[in-house]
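Structural overview
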Amino acid sequence: MRKAMNEGLIAKEKWWEWVEDKKDRVFLTERAKSRYGKWFPREVKVVKNGKEILLPPGEEVYRYFWTGEKWKIKEREISASPAFLFSLPCEARAIIEVTDKIFLNNPIDKNYWLRRKSLSLGIMACLQPEPTCFCSSVGGGPFWRDEGALFLVPREDDIYIQGEGELFSFSEEVEEKIKEEIQALQKKAESVLPSLLPSYFPQELYRYFEDEEWNELSWHCINCGACTFLCPTCYCFDLNVEGKLKGFQLRSWDSCMFPKFTLHASFHNPRPTGKERVRQRVMHKFSYFPEREGNFACVGCGVCVEKCPVNWDIREAIERMVEKIDRFRT
């Protein structure tokens, strides 16, 4: 059962007093900035999404060297100072319901854990979903919130806040009229979004692994990897060793859309064409992950749809597979 959260209303002047004091420790996602940039000082750091902070694109894991008698390995020690990340609901959900489950379960990724425990999340309501948004299809919503994060709804001259934390010392009590206005804003935002995918979709989708539909769905994808690099939930990485008698191991982002992602040392590739790679991306997000973890590995942010250079649309893949499943489901 979700516990009741504190509510408050903070005036614009009080908000600026609070955020100005912490501006060197505040991160803002690009999508949150496009909507609410005027509420933050110019000095705040802008990132694509939370993945960029918690799982950097390139990170040295350890250094090694040969002493003449044995190998010595020194892990890279990182320090993570307290910071605040303000993002849209879908982007926060990507952290809480996807990457946290991967990197904070045994074995725990130490670097991710150190950064994550120092990061406070601020979820900013999505008042005007984009045409490419489909968060409601995968269990989210424009007003999705979490008990462990601050929830904010910017208004004209103040911000409605919900949750816990020091920001409530600046806030005032929320009148019933304002609560009703917030509910109306939520209803309006949700009204333009699609309905939730069927509960049977993850299990049924797996039955269509060999279906010929994948040929049609994948033919115009160019496997550039832009979707996975910009996706807040894609977490695949590669490990490379640089150096011989001394050097370092580097962890960097990788993509299941790349031909070499599954290339074996024997030169066999179990995903030799774009069909297999597109299928893997869709199946992982909508079948494998939800069957294992209980929720989709897609948060419906639509950034992959928005940024694809050839207009490949993951929503079309989902819709066509739902239609096919429903047609033959008994």
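Scroll up for the structure.
Before going into details, it helps to say that this report is about the structure given with it. Small disclaimer: the values here were computed from a predicted structure and weren't measured.

**Section: the overall build of the protein**
When helices and strands are counted, the protein shows 12 helices and 11 strands. Taking 20 Å as the expected radius of gyration for a compact globule of 330 residues, we find that the protein reaches 22 Å, a close match to that expectation. Counting over 330 residues, the protein shows a buried share of 50%. Counting contacts in the protein only where the partners sit at least 6 residues apart, residues at least 24 apart contribute 73% of the total. Of note, the protein has its 50 positive side-chain charges centred 5 Å away from the centre of its 51 negative side-chain charges.

**Considerations on the pairing of strand S7 (residues 119-124)**
Along S7, 5 of the 6 residues are buried, which leaves the element largely enclosed by surrounding structure. Taken together, the 5 bridges between strand S6 (residues 83-87) and S7 define a ladder with parallel strand orientation. Among the inter-strand pairings, Leu85 is bridged to a residue of S7, identified as Leu121. Inspection of the sheet shows S7 paired to strand S8 (residues 150-154) by 3 bridges, in the parallel sense. Paired with Ile123 across the bridge in S8 is Phe151.

**Describing helix H10 (residues 274-293)**
Between its first and last C-alpha atoms H10 spans 27 Å; for 20 residues at 1.5 Å apiece the expected length is 28 Å, and the two agree. Maximal helix bending in H10 amounts to about 50°, located at His284. The element H10 is extensively covered by neighbouring structure, given that 15 of its 20 residues are classed as buried. A positive phi of about 95° marks Gly294, the residue just after H10.

**Re the packing of H10 against helix H12 (residues 314-328)**
Across the interface, H10 lies against H12 with an axial gap of 11 Å and an inter-helix angle of 70°. By the angle class used here, H10 and H12 are roughly perpendicular. Crossing geometry of H10 relative to H12 is assigned as right-handed. Residues Arg281, Val282, Lys285 and Phe286 of H10 touch H12, and the partners they reach there are Ile314, Ala317 and Ile318.

**Side note on the nonpolar core**
Leu85, Leu121, Phe143 and Val153 are the most contacted members of the largest nonpolar core, which totals 32 residues. Here this core takes 5 residues from helix H4 (residues 89-103), the largest share from any one element. Aside from chain neighbours lying at most four places away, what touches Phe143 is Ala125, Cys126, Leu127, Phe151, Val153, Ile182, Leu185, Gln186 and Ala189.

**Structural notes on the sheet that holds strand S9 (residues 158-163)**
The strand order across the open sheet formed by 7 strands is S1-S9-S8-S7-S6-S2-S3, and the pairing between neighbours is mixed. Strands with a single pairing partner mark the edges of an open sheet, and in this sheet they are strand S1 (6-11) and strand S3 (45-47). Each neighbouring strand pair of the sheet contributes to a mean axis angle of 25°, computed without reference to strand direction. Against the sheet, H4 makes contact with strand S2 (26-29), S6 and S7, and its axis sits at roughly 145° relative to S7, the strand it touches most.

**What about empty space enclosed by the protein?**
In total, this model carries 5 cavities of 30 Å³ or more according to the counting rule given. Estimates place the volume of the largest cavity at around 160 Å³. Sorting the residues of the lining of the largest cavity by element identifies helix H9 (226-230), H10 and helix H11 (303-307) as the ones contributing at least two each. At 3 residues, H10 tops the list of elements feeding residues into the lining of the largest cavity. Residue classes in the lining of the largest cavity are distributed as 14 nonpolar, 2 polar and 2 charged.

**Quick look at the state of the cysteines**
One pass over the structure, following the stated rule, counts 0 disulfides. Here Cys90 is not cross-linked by a disulfide; its sulfur's nearest cysteine counterpart is in Cys301, at 5.2 Å. Among the cysteines around Cys298, which has no disulfide bond, Cys304 carries the closest sulfur, lying 6.5 Å off. Classification of Cys298 by relative accessible area gives buried; the value is 10%.

**Let's talk about the side chain of Asp254**
Here Asp254 is to be found in the loop between strand S11 (246-253) and H10. Of the side chains bearing the opposite charge, Arg271 lies closest to the buried Asp254, which forms no salt bridge; the N-O distance is 9.6 Å. The contacts of Asp254, once residues within four sequence positions are left out, are Phe229, Cys236, Phe237, Asp238 and Phe261.

**Points about the side chain of Arg31**
Relative to the assigned elements, Arg31 resides in helix H2 (residues 30-36). Although Arg31 is buried, it forms no salt bridge, and the closest oppositely charged side chain is Glu306 at an N-O distance of 4.5 Å.

**Here we look at the packing of aromatic side chains**
Note on aromatic pairs: each is described by the distance of the centres and the angle between the planes. Counted by the stated rule, this structure contains 18 aromatic pairs. Each ring, one from Trp15 and one from Phe40, has its centre 5.7 Å from the other, and the planes form 85°; the classification is edge-to-face. Taken as a pair, Trp15 in helix H1 (residues 12-21) and Phe40 in the loop between H2 and S3 lie far apart in primary sequence, 25 residues in all. We note that Trp15, like Phe40, is buried. Their ring planes at 65° and their centres at 6.4 Å tell us that Phe201 and Phe286 sit as a pair that is edge-to-face. Highlighted residues: Phe201 in helix H7 (residues 201-206) and Phe286 in helix H10, separated in sequence by 85 residues. Judged by relative accessible area, Phe201 falls into the buried class, the value being 2%. The buried category is assigned to Phe286, whose relative accessible area is 0%. An aromatic cluster is present here, built from Trp15, Trp18, Phe40, Phe84 and Phe86 joined pairwise through their rings. Seen from the ring of Phe27, Lys45 lies directly overhead, with NZ or CZ sitting 5.4 Å from the centre. The ring of Phe151 is capped by Arg145, whose NZ or CZ atom sits 4.1 Å from the centre of that ring.

Definitions and limits used
Residues numbered from 1 in each chain as written. Predicted model: local features only at pLDDT ≥ 70, side-chain atom pairs only at ≥ 80, totals over all residues. Heavy atoms only, no water. Helix = DSSP H or I, 4+ residues; strand = E, 2+ residues; numbered from the N terminus. Rg over C-alpha atoms; globule rule 2.2 N^0.38 Å. Buried < 20%, exposed > 50% of the residue type's maximum accessible area, 1.4 Å probe, protein only. Contact = heavy atoms within 4.5 Å. Lys, Arg positive; Asp, Glu negative; His and termini not counted. Charge placed at Lys NZ, Arg CZ, Asp CG, Glu CD. Pairing = 2+ DSSP bridges. Expected span 1.5 Å × (residues − 1). Bend = angle between axes of the 7 residues up to and from the residue. Axes fitted to C-alpha atoms, helices over the stretch in contact; angles between N-to-C directions. Parallel < 35°, antiparallel > 145°, perpendicular 65-115°, else oblique. Left-handed = near helix turned anticlockwise from the far one by under 90°. Core = buried A, V, L, I, M, F, W, Y, C linked by side-chain atoms within 4.5 Å. 1 Å grid on protein atoms, 1.4 Å probe; cavity = no way out; pocket = protein on both sides within 12 Å on 5 of 7 lines; lining within 4 Å. Points joined across faces, edges and corners; volume = space filled by probe spheres on them. Nonpolar A, V, L, I, M, F, W, Y, C, P; charged D, E, K, R; others polar. Disulfide = S-S within 2.5 Å. Salt bridge = Lys/Arg side-chain N within 4 Å of Asp/Glu carboxyl O. Phe/Tyr/Trp six-rings, centres within 6.5 Å; stacked < 30°, edge-to-face > 60°. Lys NZ or Arg CZ within 6 Å of the ring centre and 35° of its normal.

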